[in-house]
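Each chain, written out:
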Amino acid sequence: MTTRIETRFAKCHAEGRAALVTFLMAGDPDPATSLELIKSLPKAGADVIEIGMPFTDPMADGPSIQAAGLRALATGMSLAKTLDLVRAFRAHDNETPIVLMGYFNPIYVRGVDKFLAEAKEVGVDGLIVVDLPPEEDDELCLPALKAGLNFIRLATPTTDDNRLPKVLTNTSGFLYYVSITGITGAATPDYSKVAGAVARIKKQTQLPIAVGFGVKNAQTAAAIAAYADGVVVGSALIDTLKNSLDDKNAATGKTIAAVTALVSEIAAGVRQARKAAE
Amino acid sequence: MSTPLQNSFRTGPDERGHFGLFGGRFVAETLMPLILELEKAYEHAKVDPAFHDELAYLAKHYVGRPSPLYFAERLTEKLGGAKIYFKRDELNHTGAHKINNVLGQILLARRMGKKRIIAETGAGQHGVATATACAKYGLECVVYMGAVDVERQKPNVFRMKMLGAKIVPVQSGARTLKDAMNEALRDWVTNVADTFYCIGTAAGPHPYPAMVRDFQSIIGTEVRWQMDEMEGRLPDSLVACIGGGSNAIGLFHPFLDDKSVELYGVEAAGHGLAYPEGHAASLAGGKPGVLHGNRTYLLMNDDGQIIEGHSISAGLDYPGIGPEHAWLRDIGRVTYSSATDKEALDALQLCCQMEGIIPALEPSHALAFVSKLAPKKPKDHLMVVNVCGRGDKDIFTVAEHLGGM
């Protein structure tokens, strides 16, 4: 069975460009604005939508995404409401792939089988769960694959050639290459090293490789889109969102326009990348 | 070393770091190769006599071990039941049991060629111990400490600074121990090449829970021969306070297979277990979940969001517990109870007045439980309580609660 994720990466590949993967936190800054934001992403140029599942203790995230999760939780966001958000999006768009990204505890507490059935039913296509390495595949990865969802794994600069096969086994949809050792929203990567890493990984897999961490604008996105199959942008969108809020962290008239403007700018960078390189 | 016995409680964890349902390695991929490297290095060190010799030398000449096993005569008389002994780990260099584990990990870090040490700390005792060992070996030391804890444990903050450590006050979340641990993990993900994460309790991803337990087991091992020397037999019960649970597992582990020895862990009940956000008793008020690299009992809401615990004691103010304790509770080998802030404060004063020993707020929880249990036991019942830290660091907190004394 071909998933929306596989279809979308194939389409972008056919167009000779990288896919733009955007990350926003479910319920940030409030559930209604969050839905409007996510609905506006495809038109602005997002090819794949990652939605963060808010968690109190996001160990691999920097201050921007930590704060986004806490803003969402403060408005009453939960895993159940995140699934509702996807359902509402799907009523409006049945093609753009949706990946839920977060940490294992809320899923574990909800119940893995229950969560997977619900996720499939509302139209989730894939999962990225940061604190589940291949060593813990029995927990969620294998049941998710069985339920027909993609399980997208992170590979990092510490994943050497010996370990890479272990990371690639049971990964599906795409591989998410983390460009730096660090947390989200931190340093800008050394692009030459990232290109080398992507080439190294491509020797071992046919999966599309999306690169994230450190993508801030059209220029940084284009640098990665020149050789990767996908570019992930998250913290930069969330910073823009945050800057559009009022002093009580409530959405303003500028919020949606500010985020979609940055998505459009980055989407243009991604689309120009290989033409510029030719 | 003894070979693993069938039906032994002392053989865990399995090769994937599981104690029954609990434990495991729930970390980001960036850290996974580091954790596997650490596991390998520890497995090598464990069977290297030179490693054990070096650690034993430090325990004796630097820490001052063995710590005494002391008969608390007046407290025994006052409570009128069991014969109470104190395991005096508060007399260790740096004032708590934390140094036992830190020296083990720092020796391991040196073997691994790591030059930069990071640690999280709650009460500051683990931070002080880590700063101490780093000073001794000339290693860079960065300690993450919740901003709330920086405020309530000022004496330890000054000590760490004097020892040359850099203190990073953590402003995220509830700004206590769990947030300090998040921030330390973020540092480790960022500085993978040269950094060793020295975890202070018997929790976190495998191999930390087993490794910290092994380094702390010197407490129980000493109690075993000391009690034999003093009374000619095994103790009848052991009592220890539990935050993450490193002093308790260190005391209990050598006795897990001695069925006659009753084991009691005492969690922090804060304002009382009836207040969901007012205590830090994850076994009494939590359920199984995944945080900080392991599955264990956690304080959380129905959505799996972690609840900020509360305890007067910064060292027990953590919403989780080491995975081996979670397992020992489920199989029923250890009995877990709790003591409130007020009960701990009362026990602290009683200990000061009866024995001339100022215990830290953490073991005051264990002492509170002893003051309830001891009167119910016969006079020939030998009860050992681990006084795992001294109270100097807590004098301002205690003074505030007791009205300035």
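Visitor: What should I look at first to understand the overall build of chain A in this one?
Guide: Looking only at helices and strands, chain A features twelve helices and nine strands. Taking 2.2 N^0.38 as the reference for a compact globule, 278 residues should give roughly 19 Å; the C-alpha atoms of chain A span a radius of gyration of 17 Å, in line with that estimate. With the principal axes as the frame, chain A shows a C-alpha extent of 45 × 40 × 35 Å. Here chain A holds 278 residues, and 55% of them are scored as buried. In chain A, the proportion of contacts linking residues at least 24 apart, taken out of those at least 6 apart, comes to 74%.

Visitor: What am I meant to see in helix α5 (residues 125-137) of chain B here?
Guide: Because an α-helix packs 3.6 residues into every turn, residues spaced three or four apart end up facing the same way. Residue and element names in this part refer to chain B. If you check α5, its first and last C-alpha atoms are 19 Å apart, about what 13 residues at 1.5 Å a residue would give, namely 18 Å. With ten of 13 residues buried, α5 lies mostly within the body of the structure. Every buried residue belonging to α5 is among Gln125, His126, Gly127, Val128, Ala129, Thr130, Ala131, Thr132, Ala133 and Cys134, and all of these are buried. Positive phi appears at Gly138, one or two residues downstream of α5, with a value of about 65°.

Visitor: Just checking my understanding: could you explain helix α9 (residues 208-216) of chain B for this structure?
Guide: In terms of residue burial, α9(B) counts as a mostly covered element, since eight of its nine residues are buried. Among the residues making up α9(B), those that are buried are B:Tyr208, B:Pro209, B:Ala210, B:Met211, B:Val212, B:Arg213, B:Phe215 and B:Gln216.

Visitor: What is the right way to look at the interface of chain B and chain A in this model?
Guide: When the parts of a complex come together, some accessible area is lost, and that lost area is often used as the size of the interface. With 28 residues of chain B at the contact, the number on the chain A side is 33 residues. Of all the secondary structure elements, the ones that give two or more residues to the side of chain B that touches chain A are β2 (22-26), α1 (32-46), α8 (177-190) and β11 (287-291) of chain B. Looking at which element gives the most residues to the side of chain B that touches chain A, the answer is α8(B), with six residues. When the residues that make up the side of chain B that touches chain A are grouped by side-chain class, the tally is 13 nonpolar, nine polar and six charged.

Visitor: What am I meant to see in the sheet that holds strand β13 (residues 335-340) of chain B here?
Guide: Within a sheet, neighbouring strands are paired by backbone hydrogen bonds and run either parallel or antiparallel to one another. All names here are of chain B. The strand order β3-β4-β14-β9-β10-β13 describes an open sheet built from six strands, whose pairing is mixed. Across the chains shown, the open sheet's two edge strands, defined by having one partner strand only, are β3 (69-71) and β13. The mean inter-strand angle of the sheet, taken between neighbouring strand axes irrespective of direction, is 30°. One ladder, built from five bridges, connects strand β9 (residues 237-241) with strand β10 (residues 262-270); its direction is parallel. Within the sheet, the bridge partner assigned to Leu238 lies in β10 and is Leu263. The sheet strands contacting helix α14 (residues 341-355) are β10 and β13, and the helix crosses β13 at an angle near 85°.

Visitor: Any chance you could explain the domain arrangement of chain B here in plain terms?
Guide: Residue and element names in this part refer to chain B. Along its sequence, chain B is carved into domain 1 (63-95 + 216-401) and domain 2 (98-212). Using only C-alpha atoms to locate each centre, domain 1 and domain 2 end up separated by 22 Å. Counting from both sides, the interface comprises 35 residues of domain 1 and, opposite them, 29 residues of domain 2. Taken together, the residues that form the side of domain 1 that touches domain 2 break down as nine nonpolar, 20 polar and six charged.

Visitor: Looking at this structure, I do not really get the sheet that holds strand β6 (residues 154-155) of chain A. What am I missing?
Guide: Residue and element names in this part refer to chain A. With parallel pairing, nine strands are arranged side by side in an open sheet as β5-β4-β3-β2-β1-β9-β8-β7-β6. Of all the strands in the sheet, the pair left with one neighbour each is β5 (150-151) and β6. As paired elements, strand β8 (residues 209-212) and strand β9 (residues 230-233) share two bridges and run parallel to each other. By the bridge assignment for β9, Val211 is matched with Val231. The strands touched by helix α3 (residues 63-74) within the sheet are β1 (19-25) and β2 (48-52), with β1 carrying the most contacts at an inclination of about 50°.

Visitor: What is the right way to read the pairing of β1(A) from this model?
Guide: Every regular strand shows the same layout, with side chains that alternate between the two sheet faces. Residue and element names in this part refer to chain A. Counting buried positions over the seven residues of β1 gives seven, a clear majority of the element. Both faces of β1 are covered, namely the face carrying Ala19, Val21, Phe23 and Met25 and the face carrying Leu20, Thr22 and Leu24. Where β1 and β9 come together, four bridges link them in parallel fashion. The partner of Thr22 across the bridge, within β9, is Val233. Judged from the five bridges that link them, β1 and β2 form a sheet pairing that is parallel. Residue pairing in the sheet places Met25 in a bridge with Gly52 of β2. On the question of chirality, the crossover connecting β1 to the parallel β2 by way of helix α2 (residues 31-44) is right-handed.

Visitor: Please clarify how the environment of A:Lys120 should be interpreted in this entry.
Guide: Residue and element names in this part refer to chain A. With respect to the helices and strands, the residue Lys120 is situated in helix α6 (residues 112-122). Counting along the chain gives 37 residues from Lys120 to Leu83, while the straight-line C-alpha distance between them is 9.7 Å. What Lys120 contacts, discounting residues up to four positions off in sequence, is Ala147, Gly148 and Leu149.

Cut-offs used in this document
Numbers given for residues are sequential positions, taken from 1 along each chain in its written order. Both sets of labels track the order of writing: A upward for chains, 1 upward for ligands. For a predicted model such as this one, the threshold for reporting local features is a pLDDT of at least 70, and the threshold for listing and counting side-chain atom pairs is 80 or more; totals across whole chains, interfaces and linings nevertheless cover every residue. Secondary structure counts use DSSP, requiring at least four H or I residues in a row for a helix and at least two E residues in a row for a strand, with both numbered from the N terminus. The globule rule is 2.2 Å times the number of residues to the power 0.38, and the radius of gyration it is compared with is taken over C-alpha atoms. Burial in this document is a count-based property: other C-beta atoms within 10 Å of a residue's C-beta are tallied, and the residue is buried at 20 or more, exposed at 12 or fewer, or partly exposed in between, with C-beta positions derived from the backbone. Placing C-beta atoms from the backbone, we regard two residues as in contact once those atoms come within 7 Å. One less than the number of residues in a helix, times 1.5 Å, gives the span that helix is expected to have. Note on residue classes: Ala, Val, Leu, Ile, Met, Phe, Trp, Tyr, Cys and Pro are nonpolar, Asp, Glu, Lys and Arg are charged, and everything else, Gly too, is polar. A pair of strands counts as paired when DSSP detects no fewer than two bridges linking them. Helix axes use the C-alpha atoms of the stretch in contact, all axes being lines fitted to C-alpha atoms, and the angles between their N-to-C directions lie in the range 0 to 180 degrees. All the domain ranges listed were derived from an automatic or database domain assignment. By definition, the crossover connecting two strands over a helix is right-handed if that path, from the first strand to the second, turns clockwise as seen with the strands pointing away from the viewer.

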